[in-house]
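Below are the chains, spelled out letter by letter.
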Amino acid sequence: MSEPEIKRIDTKVVYKNRWMTVREDRVRRPNGDHGLFGVVDKPDFSLIIPFDGNKLHLVQQYRYPVNGRFWEFPQGSRELEPDSTPEQAAATELKEETGLSANRMLKLGKLFQAYGYANQAVHVFLATDLRAGEPSLSDEEYGLISQPFTRNQCDAMLMDGRLADLATVAALHLFDNHMKTATSS
């Protein structure tokens, strides 16, 4: 790993809870100037694209910070199990939110959620060869529903604002690229 371009001189935690830590880092830039970064430390999360061969399974839940319900792919982190792998988190979140289990799980990529102010990454998985089961929602997921959609329906929901999660939009792009590569091979 290379030497960082911007060096941290000091750090101070300004807020912390179970899901995140917010800190202020005093830094020195390569030209010697000093600066300040606000950083949100959050655990990485896994996003799962459940694909049954015809439809993509999405979930909808109320998102408090934006006061609305939106469609997105199942996703989450295992903040109480910090040693779990992204693959384990993906399998657990898929089962919890949709009741589905996947016989095949393929990692499509790793992206950053908002690297201008947060260090959180999203690990994107394609789940196929699905088996149905019962979801087991946590209190934070109260009211979550799951439903299958065609790829064209996902585009329509993106255009009319019902699908507005950036990680889901990026995952759709990874899915499309994967499908193009898989069909051209």
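As the structure is a prediction and not an experimental result, all values here were calculated from the model. (Residues numbered from 1 in each chain as written. Predicted model: local features only at pLDDT ≥ 70, side-chain atom pairs only at ≥ 80, totals over all residues. Heavy atoms only, no water.)

Draft legend 1. Here's a closer look at the overall build of the chain. Helix and strand content of the chain: three helices and ten strands. Seen in sequence order, the chain has helices and strands lined up from the N terminus as β-β-β-β-β-β-β-α-β-β-β-α-α. Looking at the chain residue by residue over its 185 residues, the buried ones come to 35%. In the chain, 59% of the contacts between residues at least 6 apart in sequence involve partners at least 24 apart. Computed over 22 positive and 26 negative side-chain charges, the separation of the two mean positions in the chain equals 3 Å. (Helix = DSSP H or I, 4+ residues; strand = E, 2+ residues; numbered from the N terminus. Buried < 20%, exposed > 50% of the residue type's maximum accessible area, 1.4 Å probe, protein only. Contact = heavy atoms within 4.5 Å. Lys, Arg positive; Asp, Glu negative; His and termini not counted. Charge placed at Lys NZ, Arg CZ, Asp CG, Glu CD.)

Draft legend 2. Examining the environment of Asn67 more closely. Mapped onto the elements, Asn67 comes out in the loop between strand 5 (56–63) and strand 6 (68–72). Here Asn67 falls in the exposed class, since its relative accessible area comes to 59%.

Draft legend 3. Molecular detail of the packing of aromatic side chains. Evaluation of the coordinates by the stated rule reveals three aromatic pairs. Residues Phe51 and Phe175 carry aromatic rings whose centres are separated by 5.0 Å and whose planes lie at 70° to one another, so their mutual orientation is edge-to-face. Taken together, the positions of Phe51 in the loop between strand 4 (45–50) and strand 5 and Phe175 in helix 3 (residues 166–184) put the pair 124 residues apart, joining distant regions of the chain. The residues Phe51 and Phe175 share a single accessibility class, namely buried. (Phe/Tyr/Trp six-rings, centres within 6.5 Å; stacked < 30°, edge-to-face > 60°.)

Draft legend 4. Representation of the sheet that holds strand 1 (residues 7–16). Strand order across the open sheet formed by three strands is 1-2-3, with antiparallel pairing between neighbours. What marks the edges here is a single partner per strand, and that holds for strand 1 and strand 3 (34–41). For this sheet, the mean inter-axis angle between neighbouring strands, taken without regard to orientation, is 20°. (Pairing = 2+ DSSP bridges. Axes fitted to C-alpha atoms, helices over the stretch in contact; angles between N-to-C directions.)

Draft legend 5. The sheet that holds strand 6, seen in detail. Sheet architecture is open: three strands sit in the order 6-5-10, paired in antiparallel fashion. Where the open sheet ends on each side, the last strands, each with one partner, are strand 6 and strand 10 (145–149). The sheet shows a mean angle of 30° between the axes of neighbouring strands, direction not considered.

Draft legend 6. Main features of unusual backbone geometry. The backbone of Asn67 shows a phi angle near 50°, a positive value even though the residue is not glycine. Phi is positive for Asp129, which is not a glycine, with a value near 55°. Since its relative accessible area comes to 44%, Asp129 is described here as partly exposed.

Draft legend 7. Layout of the environment of Thr11. For Thr11, the position within the fold is in strand 1. Each C-alpha atom, one on Thr11 and one on Val27, is 8.8 Å from the other, the two residues being 16 residues apart in sequence. Once residues lying within four places of it in the same chain are set aside, the contact partners of Thr11 are Arg23, Glu24 and Asp25. There is a polar contact of 2.5 Å between the side chain of Thr11 and the side chain of Asp25. (Polar contact = N/O pair within 3.5 Å; in protein donor to acceptor, adjacent residues only side chain to side chain.)

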